[in-house]
Amino acid sequence: MTEPTQTLHKETFPVTGMTCAACASSVETILTYTDGVKSAQVNFASSTVLVEYTDKISAKGLNEALEAVGYGLITEKENVEETVSKSQKEHYKVLKKHTIGAAILTLPIFIIGMFFMHWKPGTWISLALAIPVLFVFGRRFFISAWKQSKHKSVNMDTLVALSTAIAFLFSLFNTLFPEFWISRGFEPHVYYEAATVIITFILFGKMLEEKAKSRTSTALKNLMGLQPKTLKAIIEDEEKEIQISDVQKGYEIIVRPGEKIPVDGKVISGSSFVDESMISGEPIAVEKSTDDKVFAGTINQKGSFHFKAEKVGSETLLSQIIKRVQEAQGSKAPVQKLVDKIASIFVPTVIAIAILTFAVWMIVGSEDALSHAILNSVAVLVIACPCALGLATPTAIMVGIGKGAENNILIKDAESLEIAHKVNAVILDKTGTITAGKPAVTDIQWESQELRKAFSPYLLAIESKSEHPLADAVSKKLTEEGFKSETIQGFQSVTGKGVEAKNSAGEYFYVGNSSLIQSHGIKVNPELEIQAKTWGNEAKTVVFFANEKKVLAVIAIADQIKASSKFAIKKLKEMDIEVYMLTGDNQQTAAAVAQEVGLTDFKAEVMPSDKSDFVKELQSKGKVVAMVGDGINDSEALAQADISIAMGHGSDIAMDVAKMTIISSDLEVIPKAFNLSAMTVRGIKENLFWAFIYNLIGIPIAAGLLYPINGFLLDPMIAGAAMAFSSVSVVLNSLRLKRKSI
C-alpha cells in the first residue's frame, strides 16, 4: 500500500538562541535530521531559517526539536518582523550591557595583575571581580561550549571557555591553598587578569557582530514600510478608508497627490506623474493615464487618479522584491570564521598536549612529579590561550574599518572587508552611481540673445507651474541665471506633449516635445533643428520653447555623468576586474553613457529581478561579484552579490542592504576599498602567522622540552606574560595598517 503524498510546506522562521556561526550550523543540522524536514537553510545574519517540511511535522514540532538543544523558533504569524526586531534589540542591549560590565570589572583586575601582583588583598579583590566577569557576563561562552560538546564539535567559544576556566580554577586553587606551592618551593601565581581580559575582548567582538546583523532586518523593515498601511477605495459607491490587508482584486482605489500607491493595478481615470525609481532607478517620474500600469510602493506626484487593483498581498512587485531580498540574504551559507576552523584543530591538539605533558611528568618526574605535572600542563594551556588568535582578525578588521572611514568608505561588515580583494567582476547601476542621479539642463540654445532676455521670464513662469518632472530642471537653471517670473494666464497641460499658456497681452507660448510644436504648425529655425537632433542622438531629452510664430529656444536635459566615473572604471579595468553597467533606462541612453565612460558591457531596460539574476549568472561562472547601486531597485542585486556597495546619497534601503557605503558617492573610492581589503587580509594572515609561531615555540617549552637539556621549566606566570606579549605584537602589527596609504 503506497503512502499518501505529503504536502510540502516552505516557511521562514526567526530563530532564537543563536550566538555564533557554529550555532547556525547546529540549528541547520538538527532541523535537517528531524523527521519530516526536507531541507533547512539558516541565515545567521538575519537570525532566520528557511525550512521545507511535510505534514509529518508541524511548526510546533520544529520548535520542540530545537528547544531540546537550547534554541527555538518564533512560529506566530502575526507581527513576526516586530517580534524579530524586538528580540534582536533586546539581545544587542544585553550584549552591550555585558560588554560594558565586563570591561569595568576587568580594568582593576588588570591593574592589580600587572602592577600589584604581590599585594595579598589584591588577589582576593581580583577573585571577587572575576566571578561575575566569567560566570555572569561571560556565561554565553560556557553555554556555547557545552552545546558544541554535545554535538562533538569545538569552536572559538570552546577555546575561550576552556582557557578562561582553567586559568580561573588554577588561580582559585592558588588563592585558597597557597601553602600547597610554598611548601614545595614554588611561588603561587594567579591569572585572573588573563581570564577576564579574554572574556572582555571576545564580548566586544560579539557586540560589533550583533550590531552589523541588526542592519539586515532594518533593510527589510524599510522595504516593507514602502507600502502604506491604509488606502482609500470606492466600495458600494462610497469612498472608504480600509486596511491594506483587506484589499481585494478588482477594488477601485483612489490615489491623491504625494501618496504611495498601495498595490499593483491599472489606471481607470485621471492622470499624474509617478516616481517609479524603486523599480527602474530612473529619476524622471513616469506619466500615467488610463490603462497604464501602476506598482505598489511607487510614489504619486502632483496629480490624482483612480486605479483598479490587479495584484494584492504577496503578488505585488514590491512583495516580490522583499521576498527575493530575503532569499538572497539567506542563500549564503553561514560563514565559518577562519579562527573557528583553526580552533576545531587547535583545541583538541592543545588539550592532548596538556594531558600528555601531565602524564609524562607523572611517569618520569622526580619527587615533585605532581607539582611539575600540574604546573607544566597549566603552562601549556595558559600559553596556548586564544588571545593572540582571538585578536588576530578583529584588531586588523577594526583598523581596516577605521582606515576605510578616513577614506569615505563606511564598512559595516567584517566579512565584506575580508572578501573584497577577491572581486573580479563589478556591476554598476547607471543612475546615481555612474551619473549624478538628477536630471539637469546641460544646454539651452536661443535663436538670439535678444529673445533670451525677452522671453526667459515667461519660460520660467510656465515651468514653475508645470507638474512635469523635467520642468524643475529648467526652472532651476533659469533661476540660477538670475531671471524672475512674468505673469502668465490660461495655463493648460497637453497630455503626452507638454504645456501651453499666454501672457497678459494674449500671446501664446508652448513648452514641450516636437509633437506639440508640429501639432500647432510652428516653424523651427534650421540651426535649432540640427542642434535638437544632435542632442537627441546623445540620448538627451530635448524640450522646445515657442510662441505662436516660431521656436524661440531648444533645451537639452540629461542626467549628467559624474566627473570621476570614467577614471574609476579605467582603474578597475587596470586591476583586471570586469566592469558591467545595468540600467532600467532605454537602450539609446544606456549606450551613450557606456560609450562616454569607456564601457562595452552593459544592459538596458532591466527590472530589479534581472539585476539579481545577472549577479547569479556571473557567480555561477565562478566570479566574485561586487554590486554598486544607490536605489531600492538595486536592493535585490545588492543582497545577492558577494560584495554590496551603496552610494552615500542613495536610498536608506540600499545603504541598509549594502555591506559597504561610499560616503562621498565617488566611484574612485571603490578601487581604494579593494586595496584596503587586500592590505587588511594581509595583516590578518601576518597576525595568525605570528600567533602560530609563538604557539609552535611556546607550547613545547611550556611542556618542559628544555628541562632534560638545561633544567629550564617555564613558570605559568612567565607563560602568562608571554601570552600577553603575543597579543601586544598582534595589535602592533595591525596598527601598522594605519600608516599605509591606499
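It should be emphasised that the depicted structure is a prediction, and the values quoted were computed from it without experimental measurement. (Residues numbered from 1 in each chain as written. Predicted model: local features only at pLDDT ≥ 70, side-chain atom pairs only at ≥ 80, totals over all residues. Heavy atoms only, no water.)

### Comments concerning the overall build of the protein chain
Right, on to step 1. When helices and strands are tallied, the protein chain shows 27 helices and 25 strands.
Right, on to step 2. Looking at the 742 residues of the protein chain, the share that counts as buried comes to 50%.
Right, on to step 3. Partitioning the intrachain contacts of the protein chain with sequence separation of at least 6 by distance along the chain shows that 69% fall at a separation of at least 24.
Right, on to step 4. Of the roughly 34,000 Å² of accessible surface on the protein chain, a fraction of 57% belongs to carbon and sulfur atoms. (Helix = DSSP H or I, 4+ residues; strand = E, 2+ residues; numbered from the N terminus. Buried < 20%, exposed > 50% of the residue type's maximum accessible area, 1.4 Å probe, protein only. Contact = heavy atoms within 4.5 Å. Areas by Shrake-Rupley, 256 points an atom, 1.4 Å probe, with all protein chains shown as cover.)

### Some words on the pairing of strand E16 (residues 488-494)
Right, on to step 1. In the sheet, E16 pairs with strand E17 (residues 498-503) via five bridges, with the strands oriented antiparallel. In the strand pairing of E17, Val 494 is matched with Gly 498. (Pairing = 2+ DSSP bridges.)

### Details of the packing of helix H20 (residues 565-574) against helix H25 (residues 669-703)
How two helices sit against one another is set out by the angle between their axes and by the gap between those axes.
Right, on to step 1. For the pair H20 and H25, interaxial distance at closest approach is 8 Å and the crossing angle is 35°. From H20, Ala 568, Lys 571 and Leu 572 reach across to H25, where they touch Ile 670, Pro 671 and Phe 674.
Right, on to step 2. Partitioning the contact of H20 with H25 into residue classes produces five nonpolar, no polar and one charged. (Axes fitted to C-alpha atoms, helices over the stretch in contact; angles between N-to-C directions. Nonpolar A, V, L, I, M, F, W, Y, C, P; charged D, E, K, R; others polar.)

### Remarks on the confidence of the model for the protein chain
Detail in the predicted coordinates should be disregarded across regions flagged by low pLDDT.
Right, on to step 1. Per-residue pLDDT for the protein chain has a mean of 82; in total, 86% of the residues score no lower than 70.
Right, on to step 2. Mean pLDDT across the elements of the protein chain bottoms out in helix H10 (residues 317-331) (66) and peaks in strand E21 (residues 578-582) (95). (pLDDT = per-residue confidence, 0-100.)

### Some thoughts on a nonpolar patch on the surface
Right, on to step 1. A grouping of Leu 107, Phe 110, Ile 111, Met 114, Phe 115, Phe 116, Trp 119 and Ile 125 is seen on the molecular surface, where their side chains present a nonpolar patch of about 770 Å² in accessible area.
Right, on to step 2. No other element matches the five residues that helix H3 (residues 80-115) contributes to the nonpolar patch.
Right, on to step 3. Take Phe 110: it is sitting in helix H3. (Patch = residues over 30% accessible without salt bridge, like charges linked within 9 Å, V, L, I, M, F, W, Y side chains within 5 Å. Salt bridge = Lys/Arg side-chain N within 4 Å of Asp/Glu carboxyl O.)

### Looking at the packing of aromatic side chains
Right, on to step 1. Throughout the structure, instances matching the rule amount to 14 aromatic pairs.
Right, on to step 2. For the pair Trp 446 and Phe 545, a centre-to-centre distance of 5.9 Å together with 85° between the ring planes defines the contact as edge-to-face. Placement of Trp 446 in strand E15 (residues 435-446) and of Phe 545 in strand E19 (residues 541-547) is noted, with a sequence separation of 99 residues between them. Like Phe 545, Trp 446 is buried.
Right, on to step 3. Consider the rings of Tyr 458 and Phe 509, whose centres lie 5.0 Å apart with planes at 15°: the pair is stacked. With Tyr 458 in helix H16 (residues 449-465) and Phe 509 in strand E18 (residues 508-512), this pair connects stretches of sequence that are 51 residues apart. The exposure classification of Tyr 458 matches that of Phe 509, with both residues buried.
Right, on to step 4. Ring pairing ties together the aromatic residues Trp 446, Phe 455, Tyr 458, Phe 509 and Phe 545, which thus form one cluster. (Phe/Tyr/Trp six-rings, centres within 6.5 Å; stacked < 30°, edge-to-face > 60°.)

### A closer look at the UniProt feature "transmembrane region" (unreviewed entry) in the protein chain
Right, on to step 1. UniProt tags residues 99-117, 123-142, 154-177, 189-208, 342-364, 370-393, 688-707 and 713-735 as "transmembrane region" (unreviewed entry).
Right, on to step 2. A helix fraction of 89% and a strand fraction of 0% characterise residues 99-117, whose end C-alpha atoms lie 25 Å from each other. (UniProt positions renumbered as here; feature names shortened; annotations may be inferred.)

### Some words on the environment of Arg 682
Right, on to step 1. Structurally, the position occupied by Arg 682 is in helix H25.
Right, on to step 2. Under the relative-accessibility criterion, Arg 682 is labelled partly exposed at 44%.
Right, on to step 3. Taking C-alpha positions, Arg 682 is 9.2 Å from Ala 396, a pair spaced 286 residues apart along the chain.

### Regarding the side chain of Thr 589
Right, on to step 1. Here Thr 589 shows up in helix H21 (residues 587-597).
Right, on to step 2. Once you skip the residues sitting within four places of it in the chain, Thr 589 turns out to touch Lys 430 and Ala 539.

### Notes on the nonpolar core
Right, on to step 1. One finds Val 426, Ile 434, Ile 670 and Phe 674 to be the most contacted residues of the largest nonpolar core, which totals 43 residues.
Right, on to step 2. Ranked by residue count, the leading element in this core is H25, at eight residues.
Right, on to step 3. Split by domain, the residues of this core number at least three in each of domain 2 (88-219 + 327-396 + 682-738) and domain 4 (409-434 + 562-665).
Right, on to step 4. Among the nonpolar cores identified, the runner-up in size contains 28 residues, and Leu 226, Leu 618, Ala 639 and Ile 653 belong to it. (Core = buried A, V, L, I, M, F, W, Y, C linked by side-chain atoms within 4.5 Å. Domains from an automatic or database assignment.)

### Overview of H20
Three- or four-residue spacings in an α-helix give side chains the same orientation, since the helix completes a turn every 3.6 residues.
Right, on to step 1. By the burial criterion, the buried members of H20 are Ser 565, Ala 568, Ile 569 and Leu 572. Take H20 and look down its axis: the buried residues cluster within an arc of 100°, on one side only. The exposed residues of H20 that point more than 90 degrees off its buried face are Lys 566, Lys 570 and Glu 574.
Right, on to step 2. Those residues of H20 hidden inside the fold are in contact with strand E14 (425-429), helix H15 (430-434), strand E20 (551-561), E21, H21 and H25.
Right, on to step 3. Asp 576 sits one or two residues past H20 and shows a positive phi near 60°. (Arc of directions from axis to C-beta.)

### Some thoughts on the sheet that holds E19
Right, on to step 1. Taken in spatial order, the six strands line up as E15-E20-E19-E18-E17-E16 in an open sheet, and their pairing is antiparallel. Looking at the sheet topology across the chains shown, the edges are occupied by E15 and E16. Between one strand axis and the next, the sheet turns through 15° on average, direction left out of account.
Right, on to step 2. Lying on the sheet, helix H19 (residues 526-537) is in contact with E15, E19 and E20; it crosses E20 at an angle near 15°.

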